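Summary of the model geometry
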Amino acid sequence: MTGTAVKLDAINGRFDALAFKRDFPILAKLVHGKPLTYLDSAASAQKPKAVIDAMTFAYENEYANVHRGAYYLSEKATSNYEAARETVRKFVNAAHAEEIVFTKGATEALNLVAASYGRSVLQPGDEVVLTELEHHSNIVPWQLICEATGAELRVIPVSADGSVSLDSIQSTIGVRTKIVAVAHVSNVLGTILPVEQIVELAHAVGAKVVIDGCQGVVHEAVDVQALGCDFYAFSGHKLYGPNGIGVLWARRELLDAMPPYQGGGEMIATVKFAKSTWAEPPAKFEAGTPPIVPAIGLAAAIDYLSRIDRAALIEHERDLLGYAMDRLVTVPGVKLIGTAQRKASVQSFVMDGAHPHDLATVLDRSGVAVRAGHHCAQPLMTALGVTATSRASFALYNTREDVDVLVAALHKAREILL
Amino acid sequence: MTSAAAESNDLLSLYQDVILDHGKRPRNARTVDAATCSASGNNPLCGDRVTVTARISSENQIEDVAALAKGCAISVASASLMTEVLKGQSVDAARRMFKAVQDLCTGQRQPDEAKADVGPALTAGVDRLAALSGVQQFPARVKCATLPWHVLISCIEGTDRATTETGSNA
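On a predicted model such as this, the values are computed, not experimentally measured, just so you know.

Let's shift gears to a nonpolar patch on the surface. Residue and element names in this part refer to chain A. On the surface, Tyr71, Tyr72 and Leu73 cluster together into a nonpolar patch covering about 320 Å² of accessible area. Mapped onto the elements, tyrosine 72 comes out in helix H3 (residues 72-92). We classify tyrosine 72 as exposed; its relative accessible area is 56%.

To continue, consider the layout of surface pockets. Space inside the largest pocket adds up to approximately 980 Å³. Around the largest pocket sit 47 residues that line it, and Ala43, Arg371, Ala372 and His375 of chain A together with Leu45 of chain B are the ones nearest its centre. Of all the elements in the fold, those that place two or more residues in the lining of the largest pocket are helix H4 (106-121), helix H13 (356-364) and strand S16 (371-373) of chain A together with helix H7 (142-169) of chain B. Broken down by element, the lining of the largest pocket gets its largest block of residues, four residues, from H13 of chain A. Within the lining of the largest pocket, the residues separate by chemical class into 17 nonpolar, 19 polar and eleven charged. Of the domains in this structure, domain 1 (53-306) and domain 2 (309-417) of chain A are the two that each give at least three residues to the lining of the largest pocket. Quantified by volume, the second largest pocket comes out at close to 340 Å³. The wall of the second largest pocket is formed by 19 residues, among which Met351, Gly353, Ala354 and His355 of chain A together with Gly71 of chain B lie closest to the centre. Of all the elements in the fold, those that place two or more residues in the lining of the second largest pocket are strand S14 (346-351) and H13 of chain A together with helix H2 (17-24) and helix H3 (73-86) of chain B.

Moving on, we get to helix H4 (residues 91-106) of chain B. Residues and elements named next belong to chain B. For H4, with 16 residues, the first-to-last C-alpha span of 23 Å sits near the 22 Å given by 1.5 Å per residue. Turning to H4, its buried residues are Val91, Ala93, Ala94, Met97, Phe98, Ala100, Val101, Asp103, Leu104 and Cys105. Directly beyond the C-terminal end of H4, a positive phi value near 80° is found at glycine 107.

Predicted confidence across chain A gives a mean pLDDT of 95, with 97% of residues reaching 70 or more. When the criterion is pLDDT under 50, residues 1-5 of chain A qualifies, and its contacts beyond four places in sequence or with other chains add up to eight contacts.

With that settled, the discussion passes to empty space enclosed by the protein. Space left empty within the atom packing is revealed by a probe, the size of a water molecule, rolled over the atoms. Under the counting rule described, the total for this entry stands at two cavities of 30 Å³ or more. By volume, the largest cavity is sized at about 60 Å³. Ser41, Ala42, Ala45, Gln215, Val218, His219, Lys238, Tyr240, Ser393, Phe394 and Ala395 of chain A are the residues that line the largest cavity. Of the residues in the lining of the largest cavity, the class split is six nonpolar, four polar and one charged. Residue assignment places the lining of the largest cavity across two domains, with domain 1 (53-306) and domain 2 (309-417) of chain A each supplying three or more. Approximately 40 Å³ is the volume attributed to the second largest cavity. Looking at the second largest cavity, the residues that line it are His355, Thr387 and Ala388 of chain A together with Cys46, Gly47, Asp48, Lys70 and Gly71 of chain B. Residues that form the lining of the second largest cavity fall into these classes: two nonpolar, four polar and two charged.

What counts, and at which threshold
- Residues numbered from 1 in each chain as written.
- Chains lettered and ligands numbered in written order.
- Predicted model: local features only at pLDDT ≥ 70, side-chain atom pairs only at ≥ 80, totals over all residues.
- Heavy atoms only, no water.
- Patch = residues over 30% accessible without salt bridge, like charges linked within 9 Å, V, L, I, M, F, W, Y side chains within 5 Å.
- Areas by Shrake-Rupley, 256 points an atom, 1.4 Å probe, with all protein chains shown as cover.
- Salt bridge = Lys/Arg side-chain N within 4 Å of Asp/Glu carboxyl O.
- Helix = DSSP H or I, 4+ residues; strand = E, 2+ residues; numbered from the N terminus.
- Buried < 20%, exposed > 50% of the residue type's maximum accessible area, 1.4 Å probe, protein only.
- 1 Å grid on protein atoms, 1.4 Å probe; cavity = no way out; pocket = protein on both sides within 12 Å on 5 of 7 lines; lining within 4 Å.
- Points joined across faces, edges and corners; volume = space filled by probe spheres on them.
- Nonpolar A, V, L, I, M, F, W, Y, C, P; charged D, E, K, R; others polar.
- Domains from an automatic or database assignment.
- Expected span 1.5 Å × (residues − 1).
- pLDDT = per-residue confidence, 0-100.
- Contact = heavy atoms within 4.5 Å.

What follows is the structure, given as structure tokens:
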């Protein structure tokens, strides 16, 4: 495969985002006759050619069902699929490849934990602790399982700046807490949560920690063993990979003890009408034909990222965030939503007198793609006292010029809408 | 015309003055006194929410109608224009206007055609509502314009049922 070398500007050592931009075919497209300024990577990132090529290659040359046939293509597809698992293991520094369960997305990964682990351990009166800034996919599965088991939800409040204080975490986690399920990084505000301290506090009362890492795995270098959590879930499509693939990492001993999530082929050892027995993890949790080529695409995305200096990428995203925060507030009437100290490159904002949807429509005609709405976080919107926000998120291919285009489009929007 | 100018024209025809005016200062943004029916509706994808109340006479005339809308300029303006146009009209006229609004917003009919559809008594109303037809160029925003009308229809159809029940009780 063609290698994209580390693209650091040789002269000043700066991160060369423009060079990365060229790796993403869609970013060369025009939208409404304007160059695309894509600022919605937190919803779904664009895909580098390396990912698209790897998937095309798999379909054209090495495709068959996995773990089934004794023929060349099936063996090849199986070894590629399992190699993808190993790539993911290394990427999050899991101890064993068997701890990596492929799902169709992060939502399924979180539902799997709730339905399998949650259902088997929760008793009436037990508590599941979440934060107020969770995505619906880390709220609703827990509501469903609490309803089924008689356990209760407790919610850690978010401060006005979008941070989650240790005090509020400490006062919400208690002796009845069995599960703490939190985002690593807020998809709306960019807040980086103090997950290490959350793990410490949760483990002190014997609770397990589930981390929704959809944004975390994109914006931070994740080492699940160093984090000390028990479950870590993320999706492929926010990590420059394809959609239709997600990952659940869980400690081997937890996966061993957990009942299956779905039944079907692949997840069994033996099937008899009297009683069936289950395969070992991860197969136990991968019923049916898995997302084979999406897994290969995800591995290609991770390979692509692995050729980039991660520290330089994080620094680049921090630079863009800081620049965006400084520039956005120069637009009259614009107010930033989410100004916590520790933040990833995701910024929500509102403009006085302009609804986020109207703003998004006007920005779109300037080729600028931002998210508008409740971002699947309605409880957070309520807590912040807004019905919706606009959100710009910055990825490896964004530049300061993209921020300038956004700001110019916001000025134009004021002319049209106000 | 350059494509940049065309884009700008699309935006200006969507956000024309009457829409911005009604979006910022919606008329009849209240609850109707002695309402005979009410209905609420929302768009779960974007969070827009509209509540319509109306007082409908035994002759099926809309004596008063009001809408509380929370959302974007398009949905708030559409709700406001709707209440202005429908006050004093019959329930049947409201149904015909709903069809006209749908046709205008999706581009199935031009304003003149819509006027011919609804008949001479309602042409002035169509002229007012034609301001919404700018959404034709913005498929993602058509629902914003039609949401208040869907809520209105639930409101008045609810009344129809209530009226029938009252009739059968009597």
